Amino acid sequence: CWGIFRQHMWGILKQHLQRVDRDGVESVSFDANGLSQLAKFPPVDLVVIVDNLMDNARKHGARQMKLKARRNRRGRIEIEVSDDGRGMDEDRVDPTKLFDKGYSSTDGGTGLGLFHVRQVLHKMGGDIALDSNRERGRVDFIITLPGEEK
């Protein structure tokens, strides 16, 4: 189906937040900056992305999560994803492996969450990466969305 990212994303975030609020993440903000973009995607793909990012934030003690849209130099929409969680110990965790299947930064983790996020985004024509401008130890992501300017 054709979807407008800001409308679907906001609806999914609101719905997801109602479900996980009791688990620790108290607030999620999404600033679309007035941007919208048309792309063909199954709405369940957004659920996988949001669910995994929220779950990771919660596991790392986040109480707030922020998503902010911007347009990159190529005209595609990027979403900056940040939270106030503990981040990662880069002496123990290899940031270059965060999206590798089976690699986990937590004891008992499956190493599938961020792997699935990247797989889903690749299938959609998008991508996710650690923000190259992040402070050491922070786990801030940049999601690049597929689609055309609306």
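Keep in mind it's a predicted model, so treat the numbers as computed, not measured.

Participant: Help me out: how do you make sense of the packing of helix H2 (residues 43-59) against helix H3 (residues 113-124) in this one?
Facilitator: Helix packing for two helices is described by the angle between their axes and how far apart those axes are. Where H2 meets H3, the axes come as close as 9 Å, and the angle between the chain directions of the two elements is 150°. Between H2 and H3, the interaxial angle falls into the category roughly antiparallel. The two elements H2 and H3 meet at a crossing, and its hand is left-handed. Contacts between H2 and H3 involve Asp 45, Leu 46, Val 48, Ile 49, Asn 52, Leu 53 and Asn 56 from the former and Gly 113, Leu 114, His 116, Val 117, Val 120, Leu 121, Lys 123 and Met 124 from the latter. The residue makeup of the contact of H2 with H3, split by class, is nine nonpolar, four polar and two charged.

Participant: What's the story with the side chain of Asn 72 in this structure? I'm lost.
Facilitator: Examined against the element boundaries, Asn 72 turns out to sit in the loop between strand S4 (64-71) and strand S5 (77-83). Only 2.9 Å separates the side chain of Asn 72 from the backbone nitrogen of Arg 74, close enough to count as a polar contact. Discounting chain neighbours no more than four positions away, the residues touching Asn 72 are Glu 78 and Thr 144.

Participant: What is the right way to look at the pairing of strand S7 (residues 141-144) in this model?
Facilitator: Across a regular strand the side chains alternate sides, sitting on one face of the sheet and then on the other. Of the two faces of S7, the one lined by Phe 141 and Ile 143 and the one lined by Ile 142 and Thr 144 are each fully buried. Here S5 pairs with S7 via four bridges, running antiparallel. Directly across from Ile 79, in S7, lies its bridge partner Ile 143. In this structure, strand S6 (residues 127-130) lies alongside S7, joined through four bridges in antiparallel fashion. Its bridge partner lying in S7, Ala 129 is registered against Ile 142.

Reading guide: rules and limits
- Residues numbered from 1 in each chain as written.
- Predicted model: local features only at pLDDT ≥ 70, side-chain atom pairs only at ≥ 80, totals over all residues.
- Heavy atoms only, no water.
- Axes fitted to C-alpha atoms, helices over the stretch in contact; angles between N-to-C directions.
- Helix = DSSP H or I, 4+ residues; strand = E, 2+ residues; numbered from the N terminus.
- Parallel < 35°, antiparallel > 145°, perpendicular 65-115°, else oblique.
- Left-handed = near helix turned anticlockwise from the far one by under 90°.
- Contact = heavy atoms within 4.5 Å.
- Nonpolar A, V, L, I, M, F, W, Y, C, P; charged D, E, K, R; others polar.
- Polar contact = N/O pair within 3.5 Å; in protein donor to acceptor, adjacent residues only side chain to side chain.
- Buried < 20%, exposed > 50% of the residue type's maximum accessible area, 1.4 Å probe, protein only.
- Pairing = 2+ DSSP bridges.

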